[in-house]
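What the coordinates show
Spelled out from the first residue to the last, the chains are:
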Amino acid sequence: MSRIIAVAPVLPDHAYSQAEITAELASMLVPDSPKRALLERLHAGTRIGTRHTALPLEAYRDLGSFGESNDHWIRVGTQLSERAVRRALLTAGLQPTDVDHLFFTSVTGVAAPSIDARLVPLLGLRPDVKRIPSFGLGCVAGASGLARVHDYLKGHPDDIAVLLSVELCSLTVQRDDASVANFVASGLFGDGAAAVVVAGENRARELGIAGPEIVDTRSCFYADTADVIGWDVRDTGFQIVLSAGVAEAIDANFGPDVATLLRAHDLDVPDIGAWIAHPGGPRVLEAFADSLGLTEQDLAPSWRSLEQVGNLSSSSVLHILADVAEQPAGTRGLLFALGPGVTAELVLLRWAA
């Protein structure tokens, strides 16, 4: 089993209350419109207190083309990525030259060379580091990234891998879109990044660093849900596709999928001591809880993350993982998220002695 030996969540320096963000967005999205009351109501219902943004809030008024937004994504995303990886490696007691594999994910911008390639000279990574940049997994990518890193390390047990997620959702807000989907998304998503250092089984034993082991993973693709969540790519950038079908997909599928993974290890829901759920929003967290028979307290770390920073897309579960990183030996954990497809990814964890 591979082992998570460091998690480093990072946030942009600009932080604002939900009320401040709502007021600014309302002036851009629905100036002098009767829809303003709807936007304010949807934002207020998110249970979010604070969000961080890549740019100062007032800078979004003059943000121009998709290209300009994407340039900010590259610049700020590279800065946050460098900070996250440096912090994670420092926590793990490793050097950049120790990294054998770098899995990078984002769904809020595009670049070639990708941000992970830009990090090679910035961090001093080895020129033979293996890189996999990923786009399109969306919110599920934090969980999927851990699973794919684990897949790699099963075949390379002496290696060190880093999962890096950076999501600058504020740069994707569409100012000419007065749809309910855009109102909901503009009230939910925040900006952030995270890096996770994972050691293959042999390397983890050699390092002797405590941390949760990745026991198993499960990928789930839900048919006929392609129009539930994702992007429509327009001249102005990424236009959100978001419907109530996300919660419906959870209600219809999620409980049995979790049961299948746990049953393979002679486990059941009460055996899980740490729930690391993607905080997609209040309705999503409620659907997760209902499908598994959990209470709001069971998902307290996810509710807390939603309140403190909003939905960070793929970075969210990694921020929550950092929050629950200290657990008694023997604790079982389940980390999970949903994304476009609709796709779910489950990662079963165990805190070793």
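What counts, and where the lines are drawn
- Residues numbered from 1 in each chain as written.
- Predicted model: local features only at pLDDT ≥ 70, side-chain atom pairs only at ≥ 80, totals over all residues.
- Heavy atoms only, no water.
- Helix = DSSP H or I, 4+ residues; strand = E, 2+ residues; numbered from the N terminus.
- Buried < 20%, exposed > 50% of the residue type's maximum accessible area, 1.4 Å probe, protein only.
- Contact = heavy atoms within 4.5 Å.
- UniProt positions renumbered as here; feature names shortened; annotations may be inferred.
- Domains from an automatic or database assignment.
- Buried area = accessible area lost by both parts, 1.4 Å probe.
- Salt bridge = Lys/Arg side-chain N within 4 Å of Asp/Glu carboxyl O.
- Phe/Tyr/Trp six-rings, centres within 6.5 Å; stacked < 30°, edge-to-face > 60°.
- Lys NZ or Arg CZ within 6 Å of the ring centre and 35° of its normal.
- Pairing = 2+ DSSP bridges.
- Axes fitted to C-alpha atoms, helices over the stretch in contact; angles between N-to-C directions.

Some thoughts on the side chain of H101
Checked against the element boundaries, H101 lands in strand β4 (residues 101-105). The class of H101 is buried, set by a relative accessible area of 3%. Leave out the neighbours within four places in its chain, and H101 touches V129, K130, I132, Y152, I160, A161 and V162.

Here we look at the UniProt feature "domain: Chalcone/stilbene synthase N-terminal" (unreviewed entry) in the protein
UniProt records the feature "domain: Chalcone/stilbene synthase N-terminal" (unreviewed entry) at residues 4-199, using the numbering of this structure. Helix makes up 41% of residues 4-199 and strand makes up 22%, while its end C-alpha atoms are separated by 6 Å.

Let's talk about unusual backbone geometry
That bond from A112 to P113 is cis: its omega, 5 degrees, falls within 30 degrees of zero. Within the secondary structure, P113 sits in the loop between β4 and α4 (115-123). In the segment running from G341 into V342, the intervening peptide bond is cis, with an omega of -5 degrees. By the secondary structure assignment, V342 is in the loop between β12 (332-339) and β13 (343-351). You will see that R47, though not glycine, has its phi angle at about 65 degrees, which is positive. With respect to the secondary-structure elements, R47 resides in the loop between α2 (36-44) and β3 (50-53). Positive phi, close to 55 degrees, is recorded for D266, a residue that is not glycine. Taking relative accessible area as the criterion, D266 reaches 73% and is therefore assigned exposed.

Side note on the domain arrangement of the protein
Considered domain by domain, the protein is made up of domain 1 (3-207) and domain 2 (212-351). For domain 1 and domain 2, the distance between their C-alpha centroids amounts to 17 Å. The partner domain 2 presents 46 residues to the 55 residues of domain 1 that form the contact. Carbon and sulfur atoms make up 65% of the surface buried where domain 1 meets domain 2, a total of about 4,000 Å² over both sides. Connecting domain 1 to domain 2 are three salt bridges. As a salt-bridge pair, R148 and E345 come within 3.5 Å of each other at their nearest N and O atoms. Contributing elements (two or more residues each) for the side of domain 1 that touches domain 2: β1 (2-10), β3, α5 (141-155), β6 (160-168), α6 (180-188) and β7 (191-199). A total of eight residues in the side of domain 1 that touches domain 2 trace back to one element, the largest contributor, which is α5.

Description of the UniProt feature "domain: Chalcone/stilbene synthase C-terminal" (unreviewed entry) in the protein
Under the present numbering, the feature "domain: Chalcone/stilbene synthase C-terminal" (unreviewed entry) in UniProt falls on residues 218-350. Strand forms 27% of residues 218-350 and helix 36%; the C-alpha atoms that close the span are 15 Å apart.

Concerning the packing of aromatic side chains
Overall, the coordinates contain seven aromatic pairs when judged by the stated rule. Relative to F288, the ring of F254 has its centre 4.9 Å away and its plane inclined at 50 degrees; by these criteria the two rings are tilted. Linking F254 in helix α8 (residues 245-263) with F288 in helix α9 (residues 282-292), this pair joins segments that are 34 residues apart in sequence. The buried category is assigned to F254, whose relative accessible area is 1%. Members of the aromatic cluster, connected to one another through ring pairs, are F66, F135, W231 and F238. Directly above the ring of W303 sits R47, whose terminal nitrogen or CZ lies 3.9 Å from the centroid.

Side note on the sheet that holds strand β8 (residues 212-221)
Pairing is mixed in the open sheet, where nine strands are placed in the order β5-β4-β6-β7-β1-β8-β13-β12-β11. Edge positions in the sheet fall to β5 (130-134) and β11 (274-277), since each of these pairs with one other strand and no more. Strand-to-strand, the axes of this sheet are offset by a mean angle of 20 degrees, without reference to chain direction. Summarising the sheet, β4 and β6 pair through five bridges and their orientation is parallel.

Some words on helix α11 (residues 316-323)
Across the eight residues that make up α11, a large majority, six, are buried. Within α11, the full set of buried residues consists of S316, V317, L318, H319, I320 and L321.

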